[in-house]
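# Results of the structural survey
The chain contents come next:
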Amino acid sequence: MALKPKDIALRAASALVLAPAAVLAIWAGGFWFTGLIVLGGIMLALEWARMSEPQDWRAVGMAVAGGVIAPIIAAHIGQMSLAFVLLVFGAAIAGLVSHRRGGEGLDGAYGVLYLGWPCILLVWMRDLNADQGLYWTVLVFAVAWAADILAYLVGSAVGGPKLWPRFSPNKTWSGFIGGLLAGMVAGGVMAAWLNMGALTALWGAVLGFLAALATMGGDLWESALKRRFGVKDAGNLIPGHGGLLDRVDGLMFAVIVVAIGRLIVLMIGGNA
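Heads up: these notes are all about the structure in this document. (Residues numbered from 1 in each chain as written. Predicted model: local features only at pLDDT ≥ 70, side-chain atom pairs only at ≥ 80, totals over all residues. Heavy atoms only, no water.)

Tallying secondary structure elements over the protein chain gives 9 helices and 2 strands in all. Each helix (α) and strand (β) of the protein chain, taken in turn from the N terminus, gives the series α-α-α-α-α-α-β-β-α-α-α. Within the protein chain, the proportion of its 272 residues that are buried is 50%. By sequence separation, contacts in the protein chain at least 24 residues apart represent 70% of the contacts at least 6 residues apart. Surface summary for the protein chain: the accessible area is close to 12,900 Å², and the carbon and sulfur share equals 72%. (Helix = DSSP H or I, 4+ residues; strand = E, 2+ residues; numbered from the N terminus. Buried < 20%, exposed > 50% of the residue type's maximum accessible area, 1.4 Å probe, protein only. Contact = heavy atoms within 4.5 Å. Areas by Shrake-Rupley, 256 points an atom, 1.4 Å probe, with all protein chains shown as cover.)

Before going further, it helps to spend a moment on the side chain of D219. You can see D219 is positioned in helix α8 (residues 201-229). Each residue touching D219, except ones within four places of it in the same chain, is listed here: D148, K171, D249 and G250.

As a further point, take the packing of aromatic side chains. On inspection of all chains with the given rule, the structure shows 9 aromatic pairs. Seen in terms of ring centroids, F84 and W117 are 5.0 Å apart; in terms of plane orientation they differ by 40°. Their pairing is tilted. Of this pair, F84 sits in helix α4 (residues 80-100) while W117 sits in helix α5 (residues 105-127), and the two are 33 residues apart along the sequence. Residue W117 is classed as partly exposed on the basis of its relative accessible area, which comes to 37%. Residues F141 and W145 carry aromatic rings whose centres are separated by 5.4 Å and whose planes lie at 75° to one another, so their mutual orientation is edge-to-face. Note that F141 and W145 are positioned in helix α6 (residues 130-158) at a spacing of 4 residues, about one turn of the helix. (Phe/Tyr/Trp six-rings, centres within 6.5 Å; stacked < 30°, edge-to-face > 60°.)

In this section: α4. Taking 1.5 Å of rise per residue, 21 residues should cover 30 Å, and α4 covers 30 Å from first to last C-alpha, within 8% of that figure. Looking only at α4, the buried set comprises M80, A83, L87, G90, A91, A94, G95 and S98. The buried residues of α4 occupy an angular sector of 135° when projected down its axis, which confines them to one face. More than 90 degrees from the buried face of α4, the exposed residues found are S81, V88, F89, I93, H99 and R100. (Expected span 1.5 Å × (residues − 1). Arc of directions from axis to C-beta.)

A cluster of nonpolar side chains, L113, W117, I256, I260, L263, I264, M267 and I268, forms an exposed patch at the surface whose accessible area comes to about 770 Å². Contributing elements (two or more residues each) for the nonpolar patch: α5 and α9 (244-269). Sort the elements by how many residues they give to the nonpolar patch and α9 lands first, with 6 residues. Relative to the elements of secondary structure, L113 occurs in helix α5. A relative accessible area of 33% means that L113 is categorised as partly exposed. (Patch = residues over 30% accessible without salt bridge, like charges linked within 9 Å, V, L, I, M, F, W, Y side chains within 5 Å. Salt bridge = Lys/Arg side-chain N within 4 Å of Asp/Glu carboxyl O.)

If you want it as structure tokens, here you go:
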């Protein structure tokens, strides 16, 4: 894929507007971060409904949003078991609404599960401990952003064989490798720079590599979903990026990997 300076400039301008809000919310934590996740969850739910159930997206979007918001709030108040129970019930209700509105019930149910899991885990990770919650949340964003940005830049500049042309004709193996290396470096640097308990720089690099792999996988998975629904972008909210889901598809998968890493460190180092 040829390098497109105008496209890169548009993406950079969008990032300069959105990134500071995300960084400030991550830094503040608590209500502010949860509020950001709730807002993001609502926007993602509406995008999902427009993409998967365009014939009656409002009703389905409200059902998916409700199924995502309730577990986020439960996670924020420390009720993780309740959060996962609400997620399952929310998926069932969204599926029923989607089915009754003439759509595919599985799309509504899957939307809640697809969007809800990473939202819950992000809130859990940020609220876990004051400093540690901040550090681990910074790590997941740093790895996902580094992998995503470098994959695009390297793929655009180098080009070469396509990664998965059936579902994502613009992604290349060069971009994939560049994204993996960027995520590995970001994970190692974050672990070396921040006090993250048992997560050393070496293990941070390993975790960064796995999270970057998940980021690439999440991006490809969303490409496959868009092909299935017959849309080019999940939405048109962000200039140069499409919808919010187009921007966070990889992050959503990376969160799960980093959350597992966080659990392992907790088991090894107690409250570290």
